[in-house]
Amino acid sequence: FAYNFFSCSLNYGTEKTSEETVPEFSFLNSNYNKYEENKLSIEMKAKKMEQYKTNGDTYAENVVFKTYNDDGTVDTEGSCNLLSSNTKTKKYSLFDNIEINIYDQEMILFATSLYFNGTTEQLTSSQTENVLIKKKDTEIEGIGFSASGVSKKYAYASNIKGKIISEETDENKITKTMDVN
């Protein structure tokens, strides 16, 4: 007789010890709130969330999140299908159907995978995947996206294209679209 045992976890790392591969906590339909200096800083809801004891890793599925400024206003709001985070290293990876609304920049990002380093405040994508930015009347898309939370500047490595839409105020209200390649 052959016996097969299957386990489903969101942690796809290499196996080492049971504490590293088996979640300390596993939550379904969870709400997670993080407070810093008695102020809400992060709010996250997930269909499934796993936390690991030894390394500070958290994995979540079907995630909706908000981050807050010191004054309590929403800084960013977003969603993704998979999230890998480590609060010790302040490194976060987002995957599949990513949408992030950055309110102070009036900008929305759409991507397949993004990586955020909370220490350096750098947001990057894979060098082979598209990231779309919608900002007011501008849409820009490209490969190899990187952004700085410090300088509020962003760049693409290649394959940049986009649209700038402007309305002129005259009798006919003409909408012009300019494609950028």
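This section reports on the structure supplied with the text.

1. Re the overall build of the chain
Scanning the chain from N- to C-terminus turns up one helix and 13 strands. Listed by position from the N terminus, the elements making up the chain come as α-β-β-β-β-β-β-β-β-β-β-β-β-β. Within the span of the chain, comprising 181 residues, buried residues form 29% of the whole. A separation threshold of at least 6 residues defines the contact pool for the chain, and within that pool the share at least 24 residues apart is 31%. On the chain, roughly 12200 Å² of surface is accessible, and the fraction owed to carbon and sulfur atoms is 50%.

2. Focus on the packing of aromatic side chains
We describe a pair of aromatic rings using the distance from one ring centre to the other and the angle between the two ring planes. Going through the model one piece at a time under the given rule, you end up with six aromatic pairs. Note on Phe25 and Phe27: the rings are 5.8 Å apart at their centroids and 20 degrees apart in plane angle, and the pair reads as stacked. Using a relative accessible area of 40% as the deciding quantity, one classes Phe25 as partly exposed. The class of Phe27 is partly exposed, set by a relative accessible area of 33%. Joined through ring pairs, the aromatic side chains of Phe145, Tyr154 and Tyr156 make up one cluster.

3. Let's talk about the environment of Asn159
Relative to the elements of secondary structure, Asn159 occurs in strand S12 (residues 158–167). Spatially, the C-alpha atom of Asn159 lies 8.7 Å from that of Asn130, the residues being 29 residues apart in sequence. In this view, Asn159 contacts Glu141, Gly142 and Ile143; residues no more than four positions away in its chain are not counted.

4. Observations concerning the environment of Phe65
Tracing the chain through its elements places Phe65 in strand S3 (residues 57–68). Measuring from C-alpha to C-alpha, the distance between Phe65 and Cys80 comes to 8.9 Å, with 15 residues separating the pair along the chain. Sequence-distant contacts of Phe65, defined by excluding residues within four places in its chain, comprise Glu43, Met44, Thr76, Glu77, Gly78, Ser79, Leu94 and Ile100.

Criteria and thresholds
Residues numbered from 1 in each chain as written. Predicted model: local features only at pLDDT ≥ 70, side-chain atom pairs only at ≥ 80, totals over all residues. Heavy atoms only, no water. Helix = DSSP H or I, 4+ residues; strand = E, 2+ residues; numbered from the N terminus. Buried < 20%, exposed > 50% of the residue type's maximum accessible area, 1.4 Å probe, protein only. Contact = heavy atoms within 4.5 Å. Areas by Shrake-Rupley, 256 points an atom, 1.4 Å probe, with all protein chains shown as cover. Phe/Tyr/Trp six-rings, centres within 6.5 Å; stacked < 30°, edge-to-face > 60°.

By themselves, these are just geometric observations and shouldn't be taken as functional.
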